[in-house]
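Read off the chains here:
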Amino acid sequence: MEAPIKAPTPGAGGCGTVWWQSGTVYQIYPRSFQDSDGDGVGDLRGITARLDYLAWLGVDAVWISPFYRSPMADFGYDVADYCAVDPLFGTLADFDALISEAHRRKLKVILDFVPNHSSIAHPWFTESRASRMSAKRDWYIWRDPGPDGGPPNNWLSNFGGPAWTRDEATGQYYYHAFLPEQPDLNWRNPEVRAAMHDALRFWLARGVDGFRVDVIWHLIKDEGFRDNPQNPDFQPHQAGINRFHQVYSCDRPEVLDIIAGMRAVLRAYGERVLIGEIYLPIERLVTYYGPGLTGADLPFNFQLIQTPWRAEAVAALVAEYEAALPEGGWPNWVLGNHDQPRIAARVGEAQARIAAMLLLTLRGTPTLYYGDEIGLGHVPVPPERAQDPWGRNEPGHGRDPERTPMQWEDAPNAGFTAGTPWLPLTGDANRRNVDELRDDSRSILTLYRRLLSLRRDHSALSVGAWRGLALPSDLAAEVFAYERIADGETLRILLNFSNQGWSVPLDEGGPWQILLSTHSGRAGDRVERQLRLEPDEGVILGPPGR
Ligand code: NOJ
Ligand code: MG
């Protein structure tokens, strides 16, 4: 018999930990979660209407991608007013209602802060570009043309093409790490820092529980604007940005001061979390905890997205990350987001269940991406419906397939909108939706909910120590085994990354009981010295008799 799923009892994390350590984060891409007004685009009222679902699922916090005033050149990652809600998404009053309804359900609310660049339509940029003498000229990054009259250096845009655009009015180039519609702010300028800190305070005062900071490792650029070195390993299928190693355009040492400054602003409001978006190798990533942990509370760890989906590779990654963490640095894990192919698309439906168990049993704060809990996979988007500007600049790199609407029920557009959805749904939306899956004990949604419930019930899972287990080499190639330990309880997790069955020896610590399996019908079984793992099966073992 499966253990009953307990009603969530959210709140403070035990064992001297805080909520963002013991809890789980759920990312909402607001355009795609729930539309309330029939315009085909999700909005804040839509999110509020679905908070009961999130409480039922058992997550602790929602991170909402940007809903600020924006011309939407990059769907909100181009902000024209850091302290206003775009009418497409609703009003400030809608936001206040959302946060108070979330808090009533003990759900924290994390906003997406986009400090590296504003929109070209931000009044700051309008003023900055007006003349070389403008009081806000230095708020952005303006340079004279290079010796040949071209761009000042070889830096490229992450979305294809040069990162510099010449502005006819003043004859100088401005820098944009992303679209020309997203000019980079100059964080070396103290006025910029102060203005951005004020924007943080605006939302903190409204009760937000923290921020996910967009491309935080980009904030400071090399003072001398040196050329980036060529990448000899560049492959033509890669996005153009990879032609060069991004040595001088980002990840500069001075960025840690900037992050500490933001962190200090949050500190004044109590237990608020600062999550930094950082795509860097582990040894660089962990420096973003900052000296004396003055940096990001959670430098986003995207290594599971970037590591080949093989047991040995993932086991090595987890061990490497655990070993690299600074004293007191809290780990975190991510399987997907609005910029990355869906996990189910990458590893397949069977392994998506293993991925869920992995994400929710590793040590550290997990971030779930909306829709992964119903197993959304790759949704083909016909070229005439393509939306993402990156995909238009560099075909093949579009992010539309991972941004398709959430699927709620067997209704037109799966209950997402009464209008025409801005992106298509999956072909099986009449079956792959929350309503259909919530009562199905074998569904991936039920698995996610059971995992979240188990994580709440066992401090070993939410805050316990992690220990990798050695397996005989043929097994270690396909099965990842580890333990989580807290308060005198040890749980053992065994994940079969292959589509072949295995007998796994359990020579110490037993007898055990299966607390949860990705395959239904096994929970409650006792196991002694040997565990039969079915193809694509993951199992959590605990002490018998609970
Ligand atoms: C990272 C965001 O996650 C992505 O969606 C966006 O396009 C870039 N930063 C630019 O803001
Ligand atoms: Mg709408």
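Keep in mind that what you see is a predicted model, and the values were worked out from it rather than measured.

Asks: Any chance you could explain the coordination of the magnesium ion (ligand 2) here in plain terms?
Replies: Six octahedral donors around a metal ideally sit at 90 or 180 degrees from one another, while four tetrahedral donors ideally sit at 109.5 degrees. In this structure, Asp 35 (OD), Asp 37 (OD), Asp 39 (OD), Val 41 (O) and Asp 43 (OD) serve as the protein donors to the magnesium ion (ligand 2), at separations of 2.1 to 2.3 Å. Counting the intervening residues between successive donors of the magnesium ion (ligand 2) yields the motif D-x1-D-x1-D-x1-V-x1-D. Exposure remark for Asp 43: the relative accessible area of 2% places this residue in the buried category.

Asks: Please explain the environment of Asp 474 as it appears in this structure.
Replies: Within the secondary structure, Asp 474 is located in helix H17 (residues 473–476). Looking at Asp 474, the relative accessible area reads 48%, which means it is partly exposed. Separated by 28 residues in sequence, Asp 474 and Trp 502 place their C-alpha atoms 9.9 Å apart.

Asks: Even after reading the chapter, I still don't get the domain arrangement of the protein, so can you show me in this structure?
Replies: Reports often express the size of an interface as the amount of accessible area lost when the parts come together. The domain architecture assigned to the protein consists of domain 1 (26–118 + 190–447) and domain 2 (123–175). Here the C-alpha centroids of domain 1 and domain 2 sit 29 Å apart. Here domain 1 packs against domain 2, burying approximately 1,900 Å² in sum over the two surfaces, 64% of which is carbon and sulfur. Across the domain 1-domain 2 interface, the total number found is zero salt bridges.

Asks: Looking at this structure, how should I read the packing of helix H6 (residues 190–205) against helix H7 (residues 255–267)?
Replies: Each pair of packed helices can be summarised by the angle the axes make with each other and by the distance between the axes. For the pair H6 and H7, the least separation of the axes is 10 Å and the interaxial angle reads 30 degrees. Judged by the sense of rotation from one axis to the other, the crossing of H6 with H7 is right-handed. Contact with H6, carried on its side by Arg 193, His 197, Leu 200, Arg 201 and Leu 204, involves Ile 258, Gly 261, Met 262, Val 265 and Leu 266 of H7 and no other residues of that element. The residue inventory of the contact of H6 with H7, partitioned by class, reads six nonpolar, two polar and two charged.

Asks: Sorry if this is basic, but what is going on with the side chain of His 197 here?
Replies: For His 197, the location among the structural elements is in helix H6. The residues contacting His 197, other than those within four sequence positions of it, are Trp 187, Gly 261, Met 262 and Val 265.

Asks: Would you explain the confidence of the model for the protein in this entry?
Replies: Note that predicted coordinates carrying low pLDDT should not be read in detail. Here the protein shows a mean pLDDT of 95. Residues at 70 or above account for 97%. Across residues 6–14 the pLDDT falls below 50, and counting only partners more than four positions away or on other chains, this stretch makes 15 contacts in the model.

Cut-offs used in this document
- Residues numbered from 1 in each chain as written.
- Chains lettered and ligands numbered in written order.
- Predicted model: local features only at pLDDT ≥ 70, side-chain atom pairs only at ≥ 80, totals over all residues.
- Heavy atoms only, no water.
- Donors = N, O, S within 2.8 Å, 3.2 Å for Na, K, Ca; no water.
- Buried < 20%, exposed > 50% of the residue type's maximum accessible area, 1.4 Å probe, protein only.
- Helix = DSSP H or I, 4+ residues; strand = E, 2+ residues; numbered from the N terminus.
- Domains from an automatic or database assignment.
- Buried area = accessible area lost by both parts, 1.4 Å probe.
- Salt bridge = Lys/Arg side-chain N within 4 Å of Asp/Glu carboxyl O.
- Axes fitted to C-alpha atoms, helices over the stretch in contact; angles between N-to-C directions.
- Left-handed = near helix turned anticlockwise from the far one by under 90°.
- Contact = heavy atoms within 4.5 Å.
- Nonpolar A, V, L, I, M, F, W, Y, C, P; charged D, E, K, R; others polar.
- pLDDT = per-residue confidence, 0-100.

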